[in-house]
Amino acid sequence: MKLRTVMCVLGATVVLPAVLAGPATAAPWTTDQVVAYLCTEAHDAAFYHDYTEAEKMHLWKFNGDIVPEVEARKKVFGTGELNDTTRAGQCGEKRTEFLDAVDAITTREKDTLRAEYRDNNAAIKAFPAKKLAAFSEAGQSEMRRKNEKYPQ
């Protein structure tokens, strides 16, 4: 299951429950921390927007410029929107169905490498950290908003 977690961070939504420890920091979170933050509580609209923007980051160009995670949510939940309901489903009882849909859509709709990654091994190697940082920033930004609204 750990390999599938890493694959999800690289090319799909992270959907495995875990335990998040500690406050937000400037350093990117680990995959487990990103998953835990996504899956342990409801979030604000800004978080879901930022998280969806991170989902759009792919090495591959897809036919019709689709986003596999959005298409998988449409298939499994009837809407492509990431919200409290779809998050709970993709982190919970429909996790496997969601992941299988992401895998199938990714395989079926994958076209070519995006131009910035063609003949650019350094960019390909840097991509996983770049995408993980984008997911991390979505969670850390929400935590900062909460701390500003409700200082401790």
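Criteria and cut-off values
- Per-chain numbering applies: the sequence of each chain, read as written, is numbered from 1 onward.
- Whole-chain, interface and lining totals are the exception, using all residues; otherwise, since this is a predicted model, local features are given only for residues with pLDDT of at least 70 and side-chain atom pairs are given and counted only at 80 or more.
- The basis for every side-chain value is the complete set of heavy atoms in the structure, and neither hydrogens nor water enter the calculation.
- Each helix is a run of H or I in the DSSP string that is no shorter than four residues. Each strand is a run of E no shorter than two, and both are numbered from the N terminus.
- For this text, the term disulfide refers to a pair of cysteine sulfurs within 2.5 Å.
- Three labels apply to residues, based on accessible area from a 1.4 Å probe with only protein chains included: buried if under 20% of the type maximum, exposed if over 50%, partly exposed otherwise in between.
- Each residue gets a pLDDT score, which is the predictor's confidence in that residue and runs from 0 to 100.
- Residue contacts are defined here by distance: any two heavy atoms, one from each residue, within 4.5 Å place the two residues in contact.
- Stacked, tilted and edge-to-face pairs are distinguished by plane angle, under 30 degrees for stacked and over 60 for edge-to-face with tilted covering the rest, among Phe, Tyr and Trp rings (Trp via its six-membered ring) whose centres lie within 6.5 Å.
- Any Lys NZ or Arg CZ that is within 6 Å of a ring centre and within 35 degrees of that ring's normal is treated as a charge sitting over the ring.

Caption draft 1: Here's a closer look at unusual backbone geometry. Within the chain, Asp65 stands out as a residue other than glycine whose phi angle is a positive 55 degrees. Among the secondary structure elements, Asp65 is positioned in the loop between strand 1 (60–62) and helix 4 (68–77). For Asp119, which is not glycine, the phi torsion reads 55 degrees and is therefore positive. Tracing the backbone shows Asp119 in the loop between strand 2 (110–113) and helix 7 (121–149).

Caption draft 2: Summary view of the state of the cysteines. What the rule picks out here adds up to 1 disulfide. In this model Cys39 forms its disulfide with Cys91; the gap between the sulfur atoms is 2.1 Å. Every disulfide takes its handedness from the sign of the S-S torsion; for Cys39 and Cys91 that torsion is -70 degrees, giving left-handed. Here the residue Cys39 occupies a position in helix 2 (residues 31–40), and Cys91 occupies one in helix 5 (residues 84–91), the gap between them amounting to 52 residues. The exposure class of Cys39 is buried, given its relative accessible area of 15%.

Caption draft 3: Highlighting the confidence of the model for the chain. Per-residue confidence for the chain gives a mean pLDDT of 86; residues scoring 70 or more make up 82%. Mean pLDDT across the elements of the chain bottoms out in helix 1 (residues 2–11) (42) and peaks in helix 4 (98). Of the regions scoring below 50 in pLDDT, residues 1–24 engages in 74 contacts with residues more than four places distant in sequence or in other chains.

Caption draft 4: Quick peek at the packing of aromatic side chains. Under the counting rule described, the total for this entry stands at 7 aromatic pairs. Pairing Tyr37 with Phe47 gives two aromatic rings, centres 5.7 Å apart and planes at 70 degrees, and the pair type is edge-to-face. With Tyr37 in helix 2 and Phe47 in helix 3 (residues 45–55), the pair connects residues that are 10 residues apart, well separated along the chain. We classify Tyr37 as buried; its relative accessible area is 3%. Look at Phe47 and you get buried, because its relative accessible area is 1%. Seen from their ring centres, Tyr117 and Phe127 are 5.6 Å apart, and the 85 degrees between their planes marks the pair as edge-to-face. Of this pair, Tyr117 sits in the loop between strand 2 and helix 7 while Phe127 sits in helix 7; the two residues are 10 residues apart in sequence, bridging distant segments of the chain. For the residue pair Tyr117 and Phe127, the accessibility class agrees, reading buried in each case. The cationic tip of Lys110 hangs over the ring face of Trp60; the distance from NZ or CZ to the ring centre is 4.7 Å.

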